[in-house]
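# Observations on the model geometry
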Amino acid sequence: AYVITTPCIDVKDGACTAACPVDCIYEGGRMFYIHPDECINCGLCLSICPVDAIAWDEEISPDRQAFIGINRDFFTPA
Ligand code: SF4
Ligand code: F3S
């Protein structure tokens, strides 16, 4: 699945939400999050983000690995 990472924090451009055909990108606090089960992996949001915050989880850089869990946890009730 695609995940949103560090550069989105306090930037929240929002262009990705307009590009997403299934509306699975949600605002929450200081950044936006992609719902891992609703995302259809179309990749349309990837190049739209002006700060390059969106990544494919299997190609994510090590320093951004934690955001896979952070995106998932955002949608998981504690
Ligand atoms: Fe939405 Fe497609 Fe991006 Fe998933 S990959 S968040 S479905 S635009
Ligand atoms: Fe954030 Fe980029 Fe979307 S800054 S809100 S991931 S367009």
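A short tour of the structure in this document, coming up.

Cut-off values and rules
- For every chain, the first residue of its written sequence is number 1, and the numbers climb from 1 along that sequence.
- Lettering for chains starts from A, numbering for ligands starts from 1, and both go in the order in which the items are written.
- Reporting of local features is limited, given that this is a predicted model, to residues whose pLDDT is at least 70; pairs of side-chain atoms are given and counted only at 80 or more, and all residues count toward the totals for whole chains, interfaces and linings.
- Derived side-chain values reflect all non-hydrogen atoms in the structure, with water molecules and hydrogen atoms excluded from consideration.
- Helix numbering and strand numbering both begin at the N terminus, where a helix is a DSSP run of H or I of at least 4 residues and a strand a DSSP run of E of at least 2.
- Radius of gyration: over C-alpha atoms. The globule rule applied is 2.2 Å multiplied by the number of residues raised to the 0.38 power.
- Throughout, a residue-residue contact means that at least one pair of heavy atoms, one from each residue, lies within 4.5 Å.
- Charge convention: Lys and Arg are scored as positive, Asp and Glu as negative, and His as well as the terminal groups of each chain are ignored.
- For this purpose, a charge sits on NZ of Lys, CZ of Arg, CG of Asp or CD of Glu.
- Every case where a carboxyl oxygen of Asp or Glu lies within 4 Å of a side-chain nitrogen of Lys or Arg is listed as a salt bridge.
- Only protein chains enter the area calculation, which uses a 1.4 Å probe; residues under 20% of their type maximum are buried, those over 50% are exposed, and those in between are partly exposed.
- Residues are labelled near a given molecule or strand when at least one of their non-hydrogen atoms is within 4 Å of it.
- For this classification, the nonpolar set comprises Ala, Val, Leu, Ile, Met, Phe, Trp, Tyr, Cys and Pro, the charged set comprises Asp, Glu, Lys and Arg, and every other residue, Gly included, is treated as polar.
- Strands were regarded as paired on the criterion that DSSP finds at least two bridges between them.

## Regarding the overall build of the protein
Looking only at helices and strands, one finds two helices and four strands in the protein. The secondary structure elements of the protein, listed N-terminal to C-terminal, are β-α-β-β-β-α. Rg of the C-alpha trace for the protein: 11 Å, near the compact-globule value of 12 Å for 78 residues, within the 12% margin. Projected onto the principal axes, the alpha-carbon positions of the protein cover approximately 30 × 25 × 25 Å. Taking the contacts inside the protein whose residues are at least 6 apart along the sequence as the reference set, 60% of them involve residues at least 24 apart. Distance between charge centroids for the protein: 8 Å, based on 4 positive and 12 negative side chains.

## Structural notes on the pattern of salt bridges
All chains considered together, the criterion is met by two salt bridges. With a closest N to O distance of 2.6 Å, aspartate 10 and arginine 30 form a salt bridge. Of this pair, aspartate 10 sits in the loop between strand S1 (2-4) and helix H1 (15-19) while arginine 30 sits in the loop between strand S2 (25-28) and strand S3 (31-34); the two residues are 20 residues apart in sequence, bridging distant segments of the chain. Judged by relative accessible area, which is 52%, aspartate 10 ranks as exposed. Lysine 12 is the salt-bridge partner of glutamate 27, the closest N and O atoms lying 2.9 Å from each other. With a gap of 15 residues between them, glutamate 27 in strand S2 and lysine 12 in the loop between S1 and H1 connect regions that are remote in the sequence. Glutamate 27 sits in the exposed class, given a relative accessible area of 53%.

## Overview of the site of ligand 2
Taken together, Ile4, Cys8, Lys12, Asp13, Gly14, Ala15, Cys16, Phe32, Cys49, Pro50, Val51 and Ile54 form the complete shell of residues around ligand 2. Across the shell around ligand 2, the residue classes tally to nine nonpolar, one polar and two charged.

## As for the pairing of S2
Inspection of the sheet shows S2 paired to S3 by four bridges, in the antiparallel sense. Following the sheet pairing, isoleucine 25 is matched in S3 by isoleucine 34. Linking S2 back to S3 in an antiparallel pair, the connection comprises two residues, with glycine 29 at a positive phi of about 65°.

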